[in-house]
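Observations on the three-dimensional arrangement
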Amino acid sequence: MFDLTGNVAVVTGASAGLGRQFALALARQGADVAILARRKDKLEAVAKEIEALGVSCLPVACDVTDTEQIKGAVEKVVSGLGTVDILVNNAGGGSCIPLEELPDEEWRKVLSLDLDGAFYCMKYFGRVMLEKGYGRVINIASILGKGGLKELPVIAYASAKGGIINMTRQAATEWAEKGVTVNALCPGFFASEANGPEAMQSMNEFIVTRTAMSRPGRDGELDSSVVFLAAKESTYVTGAILTCDGGWTAI
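Notes on the structure follow. (Residues numbered from 1 in each chain as written. Predicted model: local features only at pLDDT ≥ 70, side-chain atom pairs only at ≥ 80, totals over all residues. Heavy atoms only, no water.)

With respect to the sheet that holds strand β4 (residues 86–89)
Operational definition: Two strands are counted as paired when DSSP detects at least two bridges linking them. Labels follow the DSSP assignment, with helices taken as runs of H or I lasting at least four residues and strands as runs of E lasting at least two, numbered in each case from the N terminus. Every axis corresponds to a line fitted to the C-alpha atoms, with the helix fit spanning only the stretch in contact, and the corresponding angles, defined between N-to-C directions, vary from 0 to 180 degrees.
Read from one edge to the other, the open sheet built from seven strands follows the order β3-β2-β1-β4-β5-β6-β7, with strand pairing classed as parallel. For this open sheet the edge positions go to β3 (57–61) and β7 (241–244), each flanked by a neighbour on one side alone. On average, each strand axis in the sheet is inclined to that of its neighbour by 20 degrees, with strand direction left out of account. Of the pairings in the sheet, the one linking strand β1 (residues 8–12) to β4 comprises three bridges and is parallel in character.

Dropping the structure here:
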């Protein structure tokens, strides 16, 4: 069960952090993986880790805010790996600026990266899946897309992730009879490139207080969730919002 051998997965924002972990998790199950991000040197380092697992890996430099680069990435992936079976829309980021002080350009920047980027990757990579009548789309949202956070001013990020959640539901309904499932994964607080050791330490008090397990997530604790949503066995799961947050949203 959950063997991904013969599948081709695309993971955006895969040069570091959770994207790297998602790519490695899928590769461990046998999938060949195309990894996308802006920094080609970082991608090549991750590609070596993935290839060491005995699968193929194609690093593709791509800025998901640029639709022409996304179209080019689709061509490279199909040419290099043959098809697309799985798409993990992970690329994203945000900033901590109070709503009333948030510059207009910062608002657009975050929504362009987090929400528009996921939409356009789903649109163009999704066409490959729709053509063959099979695919798995996993949009990486956040617990901050399901509720507010009084401790940090993250209005743009939270808005984008909330948009991803309902975009996932709508896309799932549109593609439900076409063989392509669309689901979202909502992580709690995990260390990442954006949330480095210093940032995690500064947030530790409220993470411990507001999480049922009294700790942030650890490396590898999202792997089973992304593998489940990517697998052929999850045929009847679409439009689902899977939360992996140590009980944050249960309180």
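Now that the structure has been shown, the text picks up again.
Re the packing of aromatic side chains
Threshold: Whether two aromatic rings pair depends on their centres lying within 6.5 Å, for rings of Phe, Tyr and Trp, where Trp uses its six-membered ring; planes under 30 degrees apart make the pair stacked, over 60 edge-to-face, and the rest tilted. The buried label applies to any residue whose accessible area, calculated with a 1.4 Å probe on protein chains only, is under 20% of its type's maximum; exposed applies above 50%, and partly exposed to all values in between.
In the structure shown here, the tally under the stated rule is six aromatic pairs. With 6.4 Å between their ring centres and 75 degrees between their planes, Phe-206 and Trp-248 make a pair best called edge-to-face. In this pair, Phe-206 is assigned in helix α6 (residues 197–210) and Trp-248 in the segment after β7, connecting sequence segments 42 residues apart. Taking the relative accessible area as the measure of exposure, Trp-248 reaches 8% and is therefore buried. Through successive ring pairs, a cluster of aromatic residues spans Phe-119, Tyr-120 and Tyr-124.

Topic: the nonpolar core
The condition is simple: Here, nonpolar core refers to any group of buried Ala, Val, Leu, Ile, Met, Phe, Trp, Tyr and Cys residues whose side-chain atoms link them within 4.5 Å. Residue contacts are counted whenever heavy atoms from the two residues lie within 4.5 Å of one another.
Counting 40 residues, the largest nonpolar core has Val-10, Leu-36, Val-77, Leu-87, Met-122, Phe-125 and Val-137 as its most contacted members. Looking at this core, the element that brings in the most residues is helix α4 (residues 104–132), giving 11 residues. The residues contacting Leu-87, other than those within four sequence positions of it, are Val-10, Thr-12, Cys-121, Met-122, Phe-125, Met-129, Arg-136, Val-137 and Ile-138. One finds Leu-18, Ala-23, Leu-185 and Phe-190 within the second-largest nonpolar core, a separate group that totals 34 residues.

Topic: empty space enclosed by the protein
Rules: Within this scheme a cavity is a closed region of a 1 Å grid, computed over the protein atoms alone, that accommodates a 1.4 Å probe without allowing it to escape, whereas a pocket is open but has protein on both sides within 12 Å along at least five of seven lines; lining residues each have an atom within 4 Å of a point. Grid points are joined across faces, edges and corners, and a volume is the space filled by probe spheres set on the points. All residues other than Ala, Val, Leu, Ile, Met, Phe, Trp, Tyr, Cys, Pro, Asp, Glu, Lys and Arg, Gly among them, are scored as polar; the first ten of these are nonpolar and the last four charged.
Counted according to the given criterion, the structure contains two cavities of 30 Å³ or more. Computed from the structure, the largest cavity encloses a volume of approximately 50 Å³. Lining of the largest cavity is provided by Thr-12, Val-64, Asn-89, Asn-90, Ala-91, Leu-113, Asp-114, Gly-117, Ala-118, Ile-140, Lys-161 and Ile-164. When contributions to the lining of the largest cavity are tallied by element, the ones reaching two or more residues are α4 and α5 (155–175). Residue contributions to the lining of the largest cavity peak at four residues, all from α4. Here the lining of the largest cavity is composed, by residue class, of six nonpolar, four polar and two charged. The volume enclosed by the second largest cavity comes to roughly 40 Å³. Lining the second largest cavity we find Gly-188, Phe-189, Phe-190, Thr-211, Arg-215, Pro-216, Gly-217, Cys-244, Asp-245, Gly-246 and Trp-248.

Notes on the pattern of salt bridges
Put simply, the test is: A side-chain nitrogen of Lys or Arg and a carboxyl oxygen of Asp or Glu constitute a salt bridge if their distance falls within 4 Å.
One pass over the full model with this rule turns up eight salt bridges. Salt-bridge contacts for Glu-221 lead to Arg-215; the nearest nitrogen and oxygen are separated by 2.9 Å. Classification of Glu-221 by relative accessible area gives partly exposed; the value is 30%.

Concerning the side chain of Arg-136
Applicable threshold: Under the convention used here, Asp and Glu are negative, Lys and Arg are positive, and both His and the chain ends fall outside the count.
Examined against the element boundaries, Arg-136 turns out to sit in strand β5 (residues 135–140). Within the buried set, Arg-136 has no salt-bridge partner at all; the shortest N-O distance to an opposite charge, 7.3 Å, is to Glu-233. Ignoring any residue separated from it by four or fewer positions in sequence, one finds Arg-136 in contact with Asp-85, Ile-86, Leu-87, Met-129, Gly-179, Thr-181, Leu-229, Ala-230, Ala-231, Lys-232, Ser-234 and Thr-235.

As for the pairing of β3
What counts here: By definition, the crossover connecting two strands over a helix is right-handed if that path, from the first strand to the second, turns clockwise as seen with the strands pointing away from the viewer.
Pairing analysis gives five bridges linking strand β2 (residues 32–37) to β3, with the strands arranged parallel. Opposite Leu-36, over in β3, you have Val-60 as the bridge partner. Read as a crossover between parallel neighbours, the route from β2 over helix α2 (residues 40–51) to β3 is right-handed.

So, unusual backbone geometry
In this model, Phe-2 sits at a positive phi of 70 degrees, which is unusual for a non-glycine residue. When you line up the elements, Phe-2 lands in the segment before β1. Backbone geometry places Ser-214, a non-glycine residue, at a positive phi of 60 degrees. By the secondary structure assignment, Ser-214 is in the loop between α6 and α7 (223–230).

Concerning α2
Spelled out, the test is: Multiplying one less than the number of residues by 1.5 Å gives the expected span of a helix. Note that the arc is computed from the directions linking the helix axis to the C-beta atoms.
Compared with the 16 Å implied by 1.5 Å per residue over 12 residues, the 16 Å span of α2 between its first and last C-alpha is a close match. Listed in full, the buried residues belonging to α2 are Leu-43, Val-46, Ala-47 and Ile-50. Projected down its long axis, α2 carries its buried residues within an arc of 110 degrees, all on one side. Looking at α2, the residues exposed on the side facing more than 90 degrees away from the buried face are Asp-41 and Lys-48. On its buried side, α2 packs onto α1 (17–28), β2 and β3.

Any link to function would need more than the numbers given here.
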